[in-house]
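Residue-level listing of the chains:
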Amino acid sequence: MKVLITGAAGGLGRALAVECALRGYDLFLTDVNEGGLLSIKRGLLRRFPVKVMIKSCDLTSERETGELFQFADRNGWTFDMLMNVAGIDFEGGFLERSSYNILKIVRLNIEATLSVTHKALARRNGSSKRFYLVFVSSLASMYPMPLKAVYAASKRFLLSLAYALGQELKSRNVSVLALCPGGLPTTPDALAGIQAQGFWGKLTTNRLETVARRTIEKALRGRRVYIPGVVNALLSFFGRLIPETAVAKFLYGRWSKAQKLRFREQAGGAC
Amino acid sequence: MKTAVVTGASSGIGYAVCEALIKRDYFVIGVGRNEQKCLAARNEIIENHPGAQIDFITADLLSQREVLRSAKEILKILDRTSDGALYALINNAGCVRGCYTTTEEGYEQQFALNHLAGFLLTHELFPNLVKGKGRILFTSSNSHKMTKMNWSDLMFQKRYNPLFAYKQSKLCNLLTVYWLNAKYGASGIRAYGIDPGLVRTDIGNKDAGVLIDLFWSLRKAKGADPSVPAAAYLKLLESAPPLGELYHGCDKPHRYSREVNEKNAGRLFELSERLCGITGGWGI
């Protein structure tokens, strides 16, 4: 199995890469952080007898993404699995963020993901070999999320895309999985975000090692969507029953509290 | 003047050890993660001990790149000040993680910082330690007992348990101590592990997760002041307990777990060399 992972130097990307290597899959890893890619490659090769190739790439640049695939072509990679992990969020109110940053969320989470997915699928050349496509969406995709509005909407896009492509590409032997995790304790920053949410943060947080393992298991089984954790599954179920305006109101209260706490802590820490 | 390197030096036990060393006229090179905290620690020590010889290096030892970079900086300082000889390396930096988190290399963080970082730094500075007939101290813990090496899943990828991952990392410290003495004791170095006991530090409050943060805040209130274990560290540097006594408490040597044996130590050493990319031996 040959796997392409984007955002592979970040927390979830890294964990998925380790999980794939554990299963003996060959890996082609990309990320904007070249130093991080070199490190994860070193770490993987020291532990597992697999092939690892890396290429740093800013996926928001169509030119660089093109070069990435040309590089893979030249080195004889034909992928059996694509994990679209690369994504970004700039938390905070819509008007408090620059339009550049807001558009960057769309460029990376949506445009870049579409570009990579299209290029990877186009390279199958009508092959009937099984192909596994994974989109990293989020629990945030289940609701409208004030103060994380663009991020949540971008993740909703991916969830919707995954459902639709899953049906459309079924006949071409492509299975499509959307992963919708809650908080993942990957970086000190992510951890601070989870802590600031208090009770809800703790409740919706998922275990990174479990998410990484089950994502691959579910993809292989051809599942459509994976919402890790019972609480998250329940939340997403009830989220669909309650009117969106009510959900938005509730979430606005929750996030404004968490963000106030978090940004105050950050400001305090900087003094 | 003897030179000592202390990791995790900007707070807690590391800071107290720095102070104790300065009082005995050591030249101290501290390594800390946070630049501002390192600066504050340095200023405080110089203020309290005028004329203190202390340098700080800022490095996040979770990443092996940073371990190697800090080793290079330490070597530069040693060449300048002591003709390359190093008397003491105190591998003290450590962490607790409530959840499975990985380093840049994809390694579990407690294993990477509590064990591998100290292992790699020891390797990088080993010729200097041999030259200085030096001591290598690891901040281990009594908690290395009642556990085994989880060889089939060393980084707890299948199901993470913070306590067992921590216990194992502290067992790794003593296995490293065992092997260093067994294999390289003849070169004049001595390695010891220390159980500092329950100490009032912030180890459980730094990125450890909500529950551990809360638990540790309650528990550490009963802990000793970091200066208590610091005195024990100094005693190990100034006296020369027999090499068989691998593991010391604040007062006297303790019996270590039966898991600390040649078979486990050799296996861990070989594996750690691989995980740190050490291919050229230990330079002696």
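Thresholds, definitions, all that
- Residues numbered from 1 in each chain as written.
- Chains lettered and ligands numbered in written order.
- Predicted model: local features only at pLDDT ≥ 70, side-chain atom pairs only at ≥ 80, totals over all residues.
- Heavy atoms only, no water.
- Axes fitted to C-alpha atoms, helices over the stretch in contact; angles between N-to-C directions.
- Helix = DSSP H or I, 4+ residues; strand = E, 2+ residues; numbered from the N terminus.
- Parallel < 35°, antiparallel > 145°, perpendicular 65-115°, else oblique.
- Left-handed = near helix turned anticlockwise from the far one by under 90°.
- Contact = heavy atoms within 4.5 Å.
- Nonpolar A, V, L, I, M, F, W, Y, C, P; charged D, E, K, R; others polar.
- Pairing = 2+ DSSP bridges.
- Salt bridge = Lys/Arg side-chain N within 4 Å of Asp/Glu carboxyl O.
- Buried < 20%, exposed > 50% of the residue type's maximum accessible area, 1.4 Å probe, protein only.
- Core = buried A, V, L, I, M, F, W, Y, C linked by side-chain atoms within 4.5 Å.
- Buried area = accessible area lost by both parts, 1.4 Å probe.
- Polar contact = N/O pair within 3.5 Å; in protein donor to acceptor, adjacent residues only side chain to side chain.

Peer 1: Could you give an account of the packing of helix α1 (residues 12–23) of chain B against helix α2 (residues 35–48) of chain B, naming the residues involved and the relevant values?
Peer 2: Residues and elements named next belong to chain B. The N-to-C vectors of α1 and α2 enclose an angle of 30 degrees; their axes lie 11 Å apart at closest approach. As the angle between them shows, α1 and α2 are arranged roughly parallel. Judged by the sense of rotation from one axis to the other, the crossing of α1 with α2 is right-handed. Every residue of α2 that contacts α1 at Y15, C18, E19 and I22 is listed here: A41, E44, I45 and N48. For the contact of α1 with α2, the class distribution of residues is five nonpolar, one polar and two charged.

Peer 1: Give me the sheet that holds strand β4 (residues 81–84) of chain A: which residues, what numbers.
Peer 2: Residue and element names in this part refer to chain A. Read across the open sheet, the seven strands follow the order β3-β2-β1-β4-β5-β6-β7; overall the sheet is parallel. Unpaired on one side and paired on the other, β3 (52–56) and β7 (225–226) mark the two borders of the sheet. Alignment of strand β1 (residues 2–6) against β4, held across three bridges, turns out to be parallel. Paired with L4 across the strands is L82, a residue of β4. On top of the sheet, helix α5 (residues 149–168) reaches β5 (131–136), β6 (174–179) and β7; it is set at about 160 degrees to β5, its chief contact.

Peer 1: Which residues make up the pattern of salt bridges, and what values do they have?
Peer 2: Side-chain pairs of opposite charge can arise whenever the charged atoms involved come near each other. Counting across every chain of the model gives 19 salt bridges over all chains. Measuring nitrogen to oxygen at the nearest pair gives 2.4 Å for the salt bridge that ties E62 of chain A to K119 of chain A. With E62 of chain A in helix α3 (residues 62–74) and K119 of chain A in helix α4 (residues 99–122), the pair connects residues that are 57 residues apart, well separated along the chain. The residue E66 of chain B makes a salt bridge to R69 of chain B at a minimum N-O spacing of 3.0 Å. Here the residue E66 of chain B and the residue R69 of chain B both occupy positions in helix α3 (residues 64–81), the gap between them amounting to three residues, near one helical turn. A relative accessible area of 22% means that E66 of chain B is categorised as partly exposed. Classification of R69 of chain B as partly exposed rests on a relative accessible area of 31%.

Peer 1: For the nonpolar core, give the residues involved together with the corresponding values.
Peer 2: Formed by 56 residues in total, the largest nonpolar core has its most connected members in I74, I136 and L180 of chain B. Only β2 (27–32), α3, α4 (109–124), α5 (126–131), β5 (135–139), α6 (162–184) and α9 (262–275) of chain B provide two or more residues apiece to this core. Apart from the residues lying within four places of it in its own chain, the contact partners of L180 of chain B are T122, F126, I136, F138, G185, I189, A191, F269 and W282 of chain B. Of all hydrophobic cores here, the second largest spans 43 residues; its members include F69, F135, V176 and A258 of chain A.

Peer 1: How would you sum up the interface of chain B and chain A? Please name residues and give values.
Peer 2: A common way to express how large an interface is: the accessible area buried when the components associate. Counting residues at the interface gives 27 residues for chain B, matched by 24 residues for chain A. Interface area for chain B against chain A, summed over the two sides, is near 2300 Å², with a carbon-plus-sulfur share of 48%. On the surface where chain B and chain A come into contact, there are zero salt bridges. Counting the contacts that link chain B with chain A gives twelve residue pairs in polar contact (both at pLDDT 80 or more). For the side of chain B that touches chain A, the elements supplying multiple residues, two or more each, are α3, α7 (210–219) and α9 of chain B. Considering every element that reaches the side of chain B that touches chain A, the biggest residue donor is α7 of chain B, with three residues. Classifying every residue of the side of chain B that touches chain A gives eleven nonpolar, eight polar and eight charged.

It is worth stressing that arrangement in space is one thing and function is another; only the former is reported here.
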